[in-house]
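# Summary of structural features
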Amino acid sequence: MKVTFPHMGNLWIALKALFEKLGHEVIPPPPVTRKTIELGARYAPEFACLPLKVNVGNFIEGLEEGAETIVMLGGSGPCRFGYYAQVEREILKDLGYLFDIIIVDPPMGDWTRFLQDLQPLGNGCRGREVWNALTLVWEIIKALDHLHRMLLKVQIYNHRGAWKCYEKAVKAITEVGDKKLLQRVTSESIRELALFSEVQNSTLAPLKIAIVGEVFMMWEPYVNLDLEKTLGGMGVEVIRSAYPSDWICENVLFNPRHMLRRLIFKKAARPYLNCFVGGHGWESVGKSVLYARKKIDGVIHVLPFTCMPEIVAQSILPSVSRDYKLPVLTLSLDEHSAQAGLLTRIEAFVDLIREKKQVTA
Ligand code: SF4
């Protein structure tokens, strides 16, 4: 099969490795660009959320490059993600593309159905080969997340150098074919990134800003207009509230530590929101409360314009901000958002927090 899939941050690297290991020809969607977004916005419904538009743009670009099969996650729950794949399929069919689509719905306890959905992707591989592919992918995801966490810590000390080192590491990981090589590349990159914090100026007490919100907007730098990099350039230590490895630990592996963390954020959110509202709306509220309790300097809430779960969170966060005296900036982005406007808002937010910190120091 010639397979393509949506582009979301670094996840394409893991998916590419997985499908290649399973013997498929992979046509990774090109990185998200203005053209991708324009294509999606042209053919998707106007009020669809931005991730759907980006997906449509990705798929058109992948199909134009020769892909024949699209692999897409399905979903359930109160937000629109549950019918994304079906809407995307109809849009592409109307445009005349010929393709197959494999929609992988979450297991929701029905593992037999889940494994049946995955069967075509197995490509006749034996259990051991599938296991090796899955474990390699898991290691790749963990390595990328670890390096990204380090990057967010050290970019404030040498912005250019840290990004260069990180991008070199990501490129090298894209090309690894086995766990040994992955381990070597990761350890070398960790060592190199750690050097940036060793030469840090110890008198520098950086501002800490956490980013909460819809995960696509958090993980895909093109759509969040390079928010993390911009903040790092202003000397702000950024804390990303969720990573792909966290999502897998919670939703696939049911890791006890992560399940406990879920209980903790739900408890923190309880005075404001006490039910699942779809997507990551609940997390946005609960984690903002937890960050406030940890005395983080501010929170940036990022969401796609018209995102239902995050609109619920957006309406609640002013109360959290008032109760905890926590500065919160909400960025609702769509295909019309531009870097210049965003930069002005972020600069004003960071200046405000700096002044607040000086006053209270
Ligand atoms: S979480 Fe928001 S952006 Fe994501 S699918 Fe649901 S409504 Fe759309």
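Every value quoted in this text rests on a predicted model; they were computed, and no experiment measured them. (Residues numbered from 1 in each chain as written. Predicted model: local features only at pLDDT ≥ 70, side-chain atom pairs only at ≥ 80, totals over all residues.)

## Quick look at the overall build of the chain
- Counting secondary structure elements, the chain contains 15 helices and eight strands.
- Its C-alpha atoms give the chain a radius of gyration of 21 Å, near enough to 21 Å, the size a compact globule of 361 residues would have.
- When contacts within the chain are restricted to residue pairs at least 6 apart in sequence, those whose partners lie at least 24 apart make up 72%. (Helix = DSSP H or I, 4+ residues; strand = E, 2+ residues; numbered from the N terminus. Rg over C-alpha atoms; globule rule 2.2 N^0.38 Å. Contact = placed C-beta atoms within 7 Å.)

## What to know about the pairing of strand β8 (residues 328-333)
- Note that strand β7 (residues 298-304) and β8 share six bridges and pair parallel. Note on β8: the bridge partner recorded for H301 is T330.
- On the question of chirality, the crossover connecting β7 to the parallel β8 by way of helix α14 (residues 308-324) is right-handed. (Pairing = 2+ DSSP bridges. Right-handed = clockwise from strand over helix to strand, strands pointing away.)

## A word on the nonpolar core
- Core analysis: the biggest nonpolar cluster contains 94 residues, and I140, L193, V285 and V302 have the highest contact counts within it.
- Counting residues per element, this core draws most heavily on helix α6 (residues 127-154), at eleven residues.
- When near neighbours in sequence (up to four residues on either side) are disregarded, V302 contacts I211, G213, E214, M217, M218, N224, L227, L331 and L333. (Core = buried A, V, L, I, M, F, W, Y, C linked by C-beta atoms within 7 Å. Buried ≥ 20, exposed ≤ 12 C-beta atoms within 10 Å, placed from the backbone.)

## Re the site of the ligand
- Around the ligand, 13 residues are found, and the nearest of them are C49, C79, F81, G279 and C307.
- Looking at the shell around the ligand element by element, the count peaks at three residues for α14.
- Residues belonging to the shell around the ligand are distributed by class as follows: eight nonpolar, two polar and three charged. (Near = placed C-beta within 6 Å. Nonpolar A, V, L, I, M, F, W, Y, C, P; charged D, E, K, R; others polar.)

## Details of the packing of α6 against helix α7 (residues 159-175)
- Contact geometry for α6 and α7: axes closest at 10 Å, N-to-C directions at 175 degrees. The pairing of α6 with α7 is recorded here as roughly antiparallel in orientation. Facing α6, whose interface residues are I140, A143, L144, L147, L151 and V154, α7 presents A162, Y166, A169, V170 and I173.
- A breakdown of the residues in the contact of α6 with α7 according to their chemical character gives eleven nonpolar, no polar and no charged. (Axes fitted to C-alpha atoms, helices over the stretch in contact; angles between N-to-C directions. Parallel < 35°, antiparallel > 145°, perpendicular 65-115°, else oblique.)

## Observations regarding the sheet that holds strand β2 (residues 25-26)
- Taking strand neighbours across the sheet as the criterion, the four strands line up as β2-β1-β3-β4 in an open arrangement whose pairing is parallel. In this open sheet, the two strands that pair with only one neighbour each are β2 and β4 (100-104).
- Across two bridges, the pairing between strand β1 (residues 2-4) and β2 is parallel. Note on β2: the bridge partner recorded for V3 is V26.

## Considerations on the sheet that holds strand β6 (residues 236-240)
- The four strands lie next to each other as β6-β5-β7-β8, forming an open sheet whose pairing is parallel. Strands with a single pairing partner mark the edges of an open sheet, and in this sheet they are β6 and β8. Across the sheet, the mean angle from the axis of one strand to that of its neighbour is 25 degrees, orientation sign disregarded.
- The sheet contact formed by strand β5 (residues 207-213) and β7 spans five bridges and is parallel. Looking across to β7, one finds that V212 is bridged to H301.

## So, the domain arrangement of the chain
- Taken domain by domain, the chain holds domain 1 (2-123), domain 2 (124-154 + 157-202) and domain 3 (206-361).
- Once you take the C-alpha centre of each, domain 1 and domain 3 turn out to be 26 Å apart.
- Elements with a contribution of two residues or more to the side of domain 1 that touches domain 3: α2 (34-43) and α3 (50-64).
- Here the element with the most residues in the side of domain 1 that touches domain 3 is α3; it accounts for four residues.
- Broken down by class, the residue content of the side of domain 1 that touches domain 3 amounts to 14 nonpolar, three polar and two charged. (Domains from an automatic or database assignment.)

## What to know about the environment of G77
- As for its placement among the helices and strands, G77 is situated in the loop between β3 (69-73) and α4 (84-94).
- The class for G77 is partly exposed, based on 13 C-beta atoms found within 10 Å.
- Between the C-alpha atom of G77 and that of G279, which follows or precedes it by 202 residues, the distance is 8.1 Å.
- Residue contacts for G77: discarding those within four places in its chain leaves G82, F276 and G278.

## Comments concerning the environment of V185
- Note that V185 resides in helix α8 (residues 179-198).
- Sequence-wise, V185 and V223 are 38 residues apart; in three dimensions their C-alpha atoms are separated by 28 Å.
- Excluding residues that lie within four positions of it along the chain, V185 makes contacts with A169, A172, I173 and V176.

## Points about the pairing of β7
- Across the seven residues that make up β7, a large majority, seven, are buried.
- Side-chain alternation along β7 places G298, I300, V302 and P304 on one buried face and V299, H301 and L303 on a second face that is also buried.

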